[in-house]
Structures are given as C-alpha cells and as structure tokens.
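Residue-level structure breakdown
Residues per chain, in single letters:
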Amino acid sequence: MENPAQLNWLVPLLAFLLAVIFGAVAQRFNFCTMGAISDIVNFGDWRRMRMWLLAIVVAIAGTTALAAGGLIDLSKTIYTSAKVPWLSHLVGGFLFGFGMTLASGCGSKTLIRAGGGNVRSLVVLLFLGVAAYMTLRGAFAPIRAFGLDPVQLDLGRTGAATSDLGTLAGSIGLGAGAKLWLPMVLAAALAAFVFASREFRSTGEMIFAGVVIGAVIVGGWYVSGHIGYLAEDPATLEEKFVRTNTGRMESFSLVAPVAFLVELLMLWTDQTRVVTFGIAGALGLMVGAGVMALLTRSFRWEGFASIEDLVNHIVGGILMGFGGVTALGCTIGQGITGMSTLAVGSLLSFFAICLGSVVAMKYQTWRVLQSA
C-alpha cells in the first residue's frame, strides 16, 4: 500500500491493535520487568526474568528474519547508529531503572496498571510524560544534549556502518552473513538458558506471554518499517516512515510516546499534532490492560498509602521520564525493541536499567531497616 492518506490511519490503527494484545497479555500473565528483577533480588526466582528473556529471543529471531527477507532495514532505526552515546545509555538507563522501582513499575507496567484502575499509575504517567517532554525539548534537554549525548563511541571507525553486533562482527572479518547467523546463534543460546529451567518449562502461561509479547514487537517493526514505509513520499520526494515521531522505523517504546500523548492532549486543536505509531501504542496498551482487567474482574481503584508513597512515585516518574528519553528507551523500548536489533547501545541500556533497579531495591531495603 503506497497511498499516504490510507497509511496515515492504517499505521496507528495497526499499532493500537498490536498494543491491545500486548496490554491484555501482560495484564493477564503479570508481565513486569521490574517484578522480574525484584523476584530475583528478593526470592531468587528467575521465572519472570526468563519470560522477559523469552520475549527478547522471539523479538531477535523475528526481527532478524524480517531484515534477512528484505522487509525492513534495521539501519533506519534510532538504535543502530554507528555513533553510540554510551554515557547517555548508562546514565539514562540507570536512572530509569532506579525510578521504575520507586514508582512500582516501568512504563509498560504503569500503563497496564492505569488501565486496571490504579490511580497511582495515572499520577506516575503524568510526571513521566512531562519529564520526558522536558528532556526531549524543555528544561532538561540541555543536560542530555550537551552534557551526555556528546560522549560517544564512534564504531564507524571500525568500518561498521551501524552498531548492531551482526554488522560489527562482519566488520572484523566474520563475513557479511554475520548479520543473519550471529543474531540467530545468540537467540538460540539465550533460548537454551531460558528453557534450561524445568520450573519455567512447566509454566505454560509464562511461555505463552513471552512468545506473544516478543511477536508483538516483531509486528511493530513490520507495520512501521514495511507497511508504513514510503520509498518516495509524494509531498517531499524523499523516503518516509509514516506516522512515526522519530521519522525512522519504530516498534514499541513507551516513554517518549507518553510525552507526545500529553502534548497531543494539550494541543488537540493544533492540526499538526497527530496520533502516531507510538501514541497509538501507548493508548492500546492501556486499553488492552483495562479490557482484560474487566473481563477477569481484577479492575479496582487503588490510591496512595501515604505522603511518602506519593513522593516516591512522583520522583520515580520524573526519573523514568528523564532516563527513558536519555537512554533512547525503557524496559520495552530498549529492553525488547532495541535488543531485537542487538545494538550496542541497547545492550548498555539493558544492563544499566537492571543495575539501577537493583540499587533502588537495596536502597528501599536499607530505608526499611533504618526506620525499624
């Protein structure tokens, strides 16, 4: 389909429908990346982490297959630039991980809980969205743009056009085919780790959730990078990815889209503001979770337990907004979508998010002990 007018509504609609599936499955089977880390730190339980890793396995395999088939071009994403702002990935990822722990969940979990009636999550979303917008274009932007982003690792000097592991492997002599076989080998190795646990193999619902969520990420790449791709936009005679905020191919990420959703709601009558792939994804996630909560009779209104609880969630939302934009994604945007490209920056962000969350959990434990 090459009709821009049709694509303008089709791309957001398909993103919305995919996100509804994501939200429904995540709500029903308790897919939560912060919860996965918490289970390991507090109980030594790796099942939810293996569910997250399984989603990454499916996303890597599916995304690589799309790229190998010529259906998408992974060089046209925000993740795979040859210049890697490594300090932004580490600092932003760490702050996001710390913030999601204070706020009782990452961006996706916050949207899912908001759909299920959690008022605390609505407050977090508001502060997350405002902080994210301030980091994109407002008062926080100079910290990112002039303090962190300029500290870069230029992998183009190695001869690699992009920063994904497959391309880097090819640039050091492993052949152009490394872009295909290396991601598949890494996905297979990760899958072997995931299914090495007999306990996890017995949890069919977790396996189902991991596979579906990984497949949704692959579907997002296909919608944005293939269906929504115009080799030559009739208006500009240049290539275009229809209805993406970055102007590049996108799959699901949930921090910057919340900021753009806030902007859209505030400037609704400005006809230059439209529903994009990312905004539709954020809305679809919340709707899917809300529908599932109603169907399973788990919808309930929840508020704050105390002033301290309110402050923690506000601070957490601000840290997630700043950190998610600075790191170019959240536990979904970098932790699955970015990881599906095997970009170096995504690997750094994934590590930093996990570390920030663990440090926040240790801090919370220390606070409890101090007040006892």
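What this report covers is the structure whose coordinates are included nearby. Just so it is clear, the structure is predicted and the values come from calculations on it, not from any experiment.

Scanning all chains against the criterion turns up zero disulfides. Unpaired in terms of disulfides, Cys330 finds its nearest cysteine sulfur in Cys106, a separation of 6.5 Å. For the unlinked cysteine Cys354, the closest cysteine sulfur is that of Cys106, found at 11 Å. With a relative accessible area of 17%, Cys354 lands in the buried category.

This next bit is on the packing of helix α3 (residues 47–68) against helix α9 (residues 178–194). Put simply, α3 and α9 touch, their axes get as near as 9 Å, and they point 160 degrees apart. On the basis of the axis angle, α3 is roughly antiparallel to α9. Like other packed secondary-structure pairs, α3 and α9 cross with a definite hand, here left-handed. Only Lys179, Leu180, Pro183, Met184, Ala187, Leu190, Ala191, Phe193 and Val194 of α9 make contact with α3, whose side of the interface consists of Arg50, Leu53, Leu54, Ile56, Val57, Ile60, Ala61, Thr64, Ala65 and Ala68. When its residues are assigned to classes, the contact of α3 with α9 shows 16 nonpolar, one polar and two charged.

Side chains of Ile172, Leu174, Trp181 and Val185 sit close together on the surface and give an oily, nonpolar patch of about 410 Å² of accessible area. Counting only elements with at least two residues in the nonpolar patch, the list comes to α8 (165–174) and α9. Tracing the backbone through its elements, the reader meets Ile172 in helix α8. When its relative accessible area of 66% is taken as the criterion, Ile172 is described as exposed.

Mapped onto the fold, Ala161 is located in the loop between β2 (153–154) and α8. A relative accessible area of 65% means that Ala161 is categorised as exposed. Taking the C-alpha atoms as reference, Ala161 lies 5.9 Å from Ala82; in sequence the two are 79 residues apart. Dropping the residues within four chain positions of it, Ala161 is found in contact with Ala82 and Thr167.

The rules behind these values
- The numbers attached to residues start from 1 for each chain and follow its sequence in the written order.
- Local features in this predicted model are restricted to residues of pLDDT 70 or higher, and side-chain atom pairs are both shown and tallied only at a pLDDT of 80 or more, whereas totals for entire chains, interfaces and linings draw on every residue.
- Calculation of side-chain values draws on the structure's entire complement of heavy atoms; hydrogens and water are dropped beforehand.
- Only a pair of cysteine sulfur atoms within 2.5 Å qualifies as a disulfide here.
- Only protein chains enter the accessibility calculation, which uses a 1.4 Å probe. A residue is then buried if its area is under 20% of the maximum for its type, exposed if over 50%, and partly exposed in between.
- Fitted lines through C-alpha atoms give the axes, limited to the stretch in contact for helices. The angle between two N-to-C directions lies from 0 to 180 degrees.
- Numbering of helices and strands runs from the N terminus; a helix is a DSSP stretch of H or I covering at least four residues, while a strand is a stretch of E covering at least two.
- An angle below 35 degrees is read as roughly parallel, one above 145 as roughly antiparallel, one from 65 to 115 as roughly perpendicular, and any other as oblique.
- Left-handed describes a crossing whose near helix is turned anticlockwise from the far helix by less than a right angle; the clockwise case is right-handed.
- Here, residues are in contact when the closest pair of their heavy atoms is within 4.5 Å.
- Here the nonpolar group is Ala, Val, Leu, Ile, Met, Phe, Trp, Tyr, Cys and Pro; Asp, Glu, Lys and Arg are the charged ones; every other residue, Gly included, is treated as polar.
- Patches draw on residues past 30% relative accessible area with no salt bridge. Two like charges within 9 Å are joined, as are two nonpolar side chains (Val, Leu, Ile, Met, Phe, Trp, Tyr) within 5 Å.
- Surface accessibility follows the Shrake-Rupley procedure with a 1.4 Å probe radius. Residue values consider only the protein chains on display as shielding.
- We define a salt bridge as a side-chain nitrogen of Lys or Arg found within 4 Å of a carboxyl oxygen belonging to Asp or Glu.

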